[in-house]
2 protein chains.
Amino acid sequence: MSRAARIPDATVERLPLYYRALVELDQLKAPTVSSESLAELAGVNAAKVRKDLSYLGTYGTRGVGYNVGNLLHQISRELGLSQDWPVVIVGIGNLGRALASYSGFSARGFRISALLDADPDKAGQSVGKLTIRPTSDLGVIAKSDDVAIGIIATPGSAAQAVAEQMVTCGIRSILNFSPAVLVVPPDVTVRRVDLALELQILSFHHGHNDHAEHGLTP
Amino acid sequence: MSRAARIPDATVERLPLYYRALVELDQLKAPTVSSESLAELAGVNAAKVRKDLSYLGTYGTRGVGYNVGNLLHQISRELGLSQDWPVVIVGIGNLGRALASYSGFSARGFRISALLDADPDKAGQSVGKLTIRPTSDLGVIAKSDDVAIGIIATPGSAAQAVAEQMVTCGIRSILNFSPAVLVVPPDVTVRRVDLALELQILSFHHGHNDHAEHGLTP
DNA sequence: CAACGCTTGTGAACACAAGCACAAGCGCGT
DNA sequence: ACGCGCTTGTGCTTGTGTTCACAAGCGTTG
């Protein structure tokens, strides 16, 4: 077993950035990459790249850089992207529909297993190659397809109930697009994406002329 | 009175959570709220709520709590939500369309000013009450409507170019839904929402049974 | 084969955020 | 008027993340 040194949260959040950059480099047949180039591609600082990667193991070569293929493999494994993950989307409104059609998911190994909606009128409609099914089918689908990840794209008022159903069905990873704050058991991971919230944060920065985010290197 | 001591980033990211909770409380005609209740509604810790709010000023009453209406007003002002912000969306694919129809924006004072797309075939199509216009119209629209916020919902390959156009047109706040890492001048604020990235982080947690955190007795 | 240029990996310093614990202060009931 | 219960505001401690700076180590070249 690899040493069980815990990987910091902040690092985990950046691994996908490196992953994406490495996929591009790999397509360009770049054999190796330095922490500095990788940093630029990922929009972060070079020291941070090195420290982050050092949590995974010692995969670089001093004087040379990191082997693109190998590093890609290691990050891929660490993120659990070696396999395809089945995903269900609950709540097929505008956003749910857009997510269902989003090619970025399948491109990265997330296969949409089913689309669910509580509205009986929607059941039977098709979106792309999938047909919308009633939310009550969640249990069957989750079991038969061993679904690991659930996406909630319902209105806030329905979100908590949906989350509870997901948890009951054994889903332990939830991506919540509703504005609701979900209460779940501690062994369930929830990530929240709130679009209005993002705009409000931008609005704050606009008012306080302290604009600064990941700009370019000073 | 708080004389503009800088508000920490972490606090700014939570203000919209409090804001939302307060809007609900206000609709329920709750006169006051304690840091503890507010914490529960926002899904954070009570001490954090108090510390966050103390950066805005001294708006609570000991022994009582915070006046809902007043606190709402203060946060609203701090976030710059007193006015409506015009927003343009560039890239009207699945996601752009969903964003255009998303009621959560207008509900919170973000008015969609225009929809733009580089594809000439899309120009003229209508989405809701708006008609898609060519990206080249950005300059005119930005000026005539004094647009402050730009949303990028294009493929990654087009994102940097769009960002540069936005910056040229005076937009200083960008919400980027593309996977690209944008390089912008330091006075421009960029926030990135990457859907595949969120799933990858969930996938990581799924692999590393990250539960069992505060289960042990010391 | 030794010296040199480059790049990693990491200890140590620093900066920021979280959370505790408690004094200060308000309002109510007696 | 006064004490009591409740809740804020905040100094301090602890934890986490970022950045610097440099020794260690690889590959190449003369």
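Residues numbered from 1 in each chain as written. Chains lettered and ligands numbered in written order. Predicted model: local features only at pLDDT ≥ 70, side-chain atom pairs only at ≥ 80, totals over all residues.

Caption draft 1: Structural context of the pairing of strand 7 (residues 130-134) of chain A. Residues and elements named next belong to chain A. The pairing of strand 5 (residues 110-117) with strand 7 spans 3 bridges and is parallel. Looking at the pairing, Asp-117 lines up with Pro-134 of strand 7. Relative to strand 7, strand 6 (residues 126-127) runs antiparallel, the two sharing 2 bridges. Opposite Val-127, over in strand 7, you have Leu-130 as the bridge partner. Between strand 6 and the antiparallel strand that follows it, strand 7, lie 2 residues; Gly-128 among them carries a positive phi value of about 60 degrees. (Pairing = 2+ DSSP bridges. Helix = DSSP H or I, 4+ residues; strand = E, 2+ residues; numbered from the N terminus.)

Caption draft 2: Seen up close, the environment of Leu175(A). By the element assignment, Leu175(A) lies in strand 9 (residues 173-176). A residue is classified by how many C-beta atoms lie within 10 Å of it, and Leu175(A), with 22 of them, is buried. Counting along the chain gives 16 residues from Leu175(A) to Arg191(A), while the straight-line C-alpha distance between them is 5.0 Å. Beyond its immediate chain neighbours, meaning those up to four positions away, Leu175(A) contacts Ile149(A), Ile151(A), Arg191(A), Val193(A), Glu198(B), Leu199(B) and Leu202(B). (Buried ≥ 20, exposed ≤ 12 C-beta atoms within 10 Å, placed from the backbone. Contact = placed C-beta atoms within 7 Å.)

Caption draft 3: Inspection of the relation of the copies chain B and chain A at higher detail. Superposing chain B onto chain A requires a rotation of 180 degrees together with a translation of 0.0 Å along the rotation axis, leaving an RMSD of 0.1 Å. Such a combination of turn and shift is consistent with a two-fold rotation axis. Identified as the residue of chain B closest to the rotation axis by C-alpha distance is Ala98(B), at 3.1 Å. Taken as a fraction of all interface residues of chain B, those also at the interface in chain A reach 88%, which identifies the copy contact as same-surface. (Least-squares fit on C-alpha atoms with pLDDT ≥ 70 in both.)

Caption draft 4: Geometry of the protein's contact with DNA strand D. With respect to spatial proximity, 27 residues lie near DNA strand D, and among them Pro8(A), Gly63(A), Gly60(B), Arg62(B) and Gly63(B) are the closest. Counting residues per element, the ones that place at least two in the surface near DNA strand D are helix 1 (9-27) and helix 3 (46-56) of chain A together with helix 2 (35-42), helix 3 (46-56) and strand 3 (65-67) of chain B. Among the elements that make up the surface near DNA strand D, the one with the highest residue count is helix 3 of chain B (5 residues). When grouped by side-chain class, the residues that make up the surface near DNA strand D number 9 nonpolar, 10 polar and 8 charged. (Near = placed C-beta within 6 Å. Nonpolar A, V, L, I, M, F, W, Y, C, P; charged D, E, K, R; others polar.)

Caption draft 5: Seen up close, the packing of helix 1 of chain A against helix 4 (residues 68-79) of chain A. All names here are of chain A. Between helix 1 and helix 4, whose axes approach to 9 Å, the crossing angle comes to 145 degrees. As for the relative orientation of helix 1 and helix 4, their crossing is left-handed in sense. The residues of helix 4 that touch helix 1, namely those facing Leu-15, Pro-16, Tyr-18, Tyr-19, Leu-22, Val-23, Leu-25 and Asp-26, are Val-68, Gly-69, Leu-71, Leu-72, Ile-75, Ser-76, Glu-78 and Leu-79. Looking at the contact of helix 1 with helix 4 residue by residue, the classes come out as 12 nonpolar, 2 polar and 2 charged. (Axes fitted to C-alpha atoms, helices over the stretch in contact; angles between N-to-C directions. Left-handed = near helix turned anticlockwise from the far one by under 90°.)

Caption draft 6: How the structure looks around the sheet that holds strand 1 (residues 32-33) of chain A. Residues and elements named next belong to chain A. If you walk across this open sheet you meet the 3 strands as 1-3-2, and the pairing is antiparallel. Every interior strand has two partners, whereas the edge strands, strand 1 and strand 2 (60-61), have only one. Summarising the sheet, strand 2 and strand 3 (residues 65-67) pair through 2 bridges and their orientation is antiparallel. Counterpart to Thr-61 in the pairing with strand 3 is Gly-65.

Caption draft 7: Examining the pairing of strand 4 (residues 85-90) of chain A more closely. Residue and element names in this part refer to chain A. Across the 6 residues of strand 4, 5 count as buried, placing the element largely inside the fold. Sheet topology places strand 4 next to strand 5; 6 bridges connect them, and they run parallel. Residue Val-87 lies in a different strand from strand 5, and its bridge partner there is Ile-112. When strand 4 meets strand 8 (residues 149-152), the two strands line up parallel, connected through 4 bridges. Its bridge partner being in strand 8, Val-88 is matched across the sheet by Gly-150.

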